[in-house]
Structure formats: structure tokens, C-alpha cells
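Chains, contacts and geometry: an overview
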Amino acid sequence: MSCRTRRPRPNPSAACRGAGGAHAAPAIKNVVLVHGGFVDGSGWEGVYNVLSKDGYKVTVVQNPTTSLADDVAATRRAIAAQDGPVILVGHSYGGVVITESGNDPKVKGLVYIAAFAPDKGESVGSLIANPPPGAATPPILPPQDGYLLLDREKFAASFAADVKPAQAAFMASSQVPWGVAALNGQVTAPAWKARPSWYLVTADDRMIPAPAQRQMAGRAGATAVETAGSRAIYVSNPQVVARLIEQAAQGVAK
């Protein structure tokens, strides 16, 4: 894993520190995890286990993925239930959710895990409208009753290429329909403009190309860490995801 910091504008809280090294007791103990489209919060189990073992209090949001407003409301309820400052983490579409909900006063830092990090007025729909040349096309099926699913036969290769085959097959078969209204939900006030942020870029991602991830991380002034991995990096390699979250918790305090 390589650690690269991109800082297009000053961001004193975004200092790149080695993941997996010795660390003090958690400076911020509350972590709220927000899942993306086509999946539910159970995929965070590995990350939850690592963080819990290291002394963090972890809450997993179960987004309805019906609309951005509904998902933001679910995340804000989870933030409100915390007993102190929060590190807010989003995977994939969950990055849109934390970008919109992360202005809550309890939120002290944002962590994007191979996630969309939209600017004001942007949505997942607008961000994927013009993919870079040569980018893989996600196997999203035509909407049914206002919801989207991935082609089950192509799910593993596109979403979970580094997940054990049996687990990837289960993920494909247990997809959560993703609302078109969520896909097109626009951000009103990007939290990354007011909060320090960290970003895990997945180099082998076939849903959001790595160059697009790097561009969003750079625009947000995020501390960017890059690793080999698929869209399901939080399932296949929970350790690397947890280490970046812990890095953010320590970095915010400094």
C-alpha cells in the first residue's frame, strides 16, 4: 500500500501517517459507518470487528437507499445518538451521504472508502455521466419500479473481484435495490469543504475508476491512501480500511 497526500489547498489536519503503526488510545472514539448502493450495512462486519477491538465505538447505518434525503436522515439519526465527536465514514454512494450529512457539529472528520465525494449540485448520476475513456461500464440493469440492481452474473467481476467466490455470490444474490432518486440526489453543502477528510483509492475498482477517485480526493483536499483492491475493499481487506479510519481519528485530534 502506498500513501500519497494530495493537497490542492491548505489542510493542516490532513497529514499522511503510516497505517498500521503503533497508536495511542483513540482520540475520537465514535465511528459511524455508512454503506453504499446495492448492499447493506452487514458488509462492514470486518471493519467493525477491527475497530471495536481497538477501542472504538462503532455504529453501522442501515440506509434505506430510497432517496438521498432518506439516507441522510438515517445517518443524522445515527450521529445524534453518539455521546461525543464522530468520524463519519462512507463507502461508494455512502460518500454522497456523508458529504451531505457531515456538516453536523458532532462530525469532526470524513473518511471516503472508494467513494463518491460530490461538490455542490452534483450527484452520483452527474458524476458517472461522462466516464473516462476505457473505463469499465458497471453492469447496472435498467430500472424497475424506480430501483436499480447489478447484473447478478457480472456482480463478482465488477463489484467484488477480490472477495471469496462464495461470499461474492451471496452478495450478488442479496443485493439491496438502489433507488434512482438516491442516484440522482444532489448535494447542497459539501461537508468536505468544512471538515478534514481522508480517502482510500482502490486501484482495481471497476465501478468508480481509480483516476476518478483520485480526482475527487484531490478536489476535497483529502489525505489519499491508495491500495490494490476492488469496490468491495471494505469486505476483502477490512484491516486497511480500519487503519485509515483510525488514522483519521488520530489526525483530527492533532
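Residues numbered from 1 in each chain as written. Predicted model: local features only at pLDDT ≥ 70, side-chain atom pairs only at ≥ 80, totals over all residues. Heavy atoms only, no water.

Looking now at the pattern of salt bridges. Two side chains that carry opposite charge are able to pair once their charged atoms sit near each other. Counted according to the given criterion, the structure contains 6 salt bridges. Note that Arg214 and Glu226 form a salt bridge whose closest N and O atoms lie 2.7 Å from each other. On the criterion of sequence distance, the pair formed by Arg214 in helix 8 (residues 210-219) and Glu226 in strand 9 (residues 223-227) is long-range, its members being 12 residues apart. The exposure class assigned to Glu226 is buried, which follows from its relative accessible area of 9%. Each of Asp54, Arg243 and Glu246 takes part in one network of salt bridges that share partners. (Salt bridge = Lys/Arg side-chain N within 4 Å of Asp/Glu carboxyl O. Helix = DSSP H or I, 4+ residues; strand = E, 2+ residues; numbered from the N terminus. Buried < 20%, exposed > 50% of the residue type's maximum accessible area, 1.4 Å probe, protein only.)

Take the environment of Ala189 next. Summarising the element assignment, Ala189 is placed in the loop between helix 7 (180-183) and strand 8 (197-202). For Ala189, a relative accessible area of 37% gives the class partly exposed. Sequence separation of Ala189 and Asn103 is 86 residues, and the distance between their C-alpha atoms is 8.0 Å. Setting aside residues no more than four positions away along its own chain, Ala189 makes contact with Thr99, Glu100 and Asn103. (Contact = heavy atoms within 4.5 Å.)

Let us look at helix 6 (residues 165-173). Among the residues of helix 6, Ala168, Met171 and Ala172 are the ones counted as buried. Take helix 6 and look down its axis: the buried residues cluster within an arc of 100°, on one side only. Turned more than 90 degrees away from the buried face of helix 6, the exposed residues are Ala166 and Phe170. Buried residues along helix 6 sit against helix 5 (155-159) and helix 9 (233-236). (Arc of directions from axis to C-beta.)

Within the fold, Gln175 resides in the loop between helix 6 and strand 7 (178-179). A distance of 2.8 Å separates a polar atom in the side chain of Gln175 from the backbone nitrogen of Leu150. Dropping the residues within four chain positions of it, Gln175 is found in contact with Phe38, Leu149, Leu150, Arg152 and Phe155. (Polar contact = N/O pair within 3.5 Å; in protein donor to acceptor, adjacent residues only side chain to side chain.)

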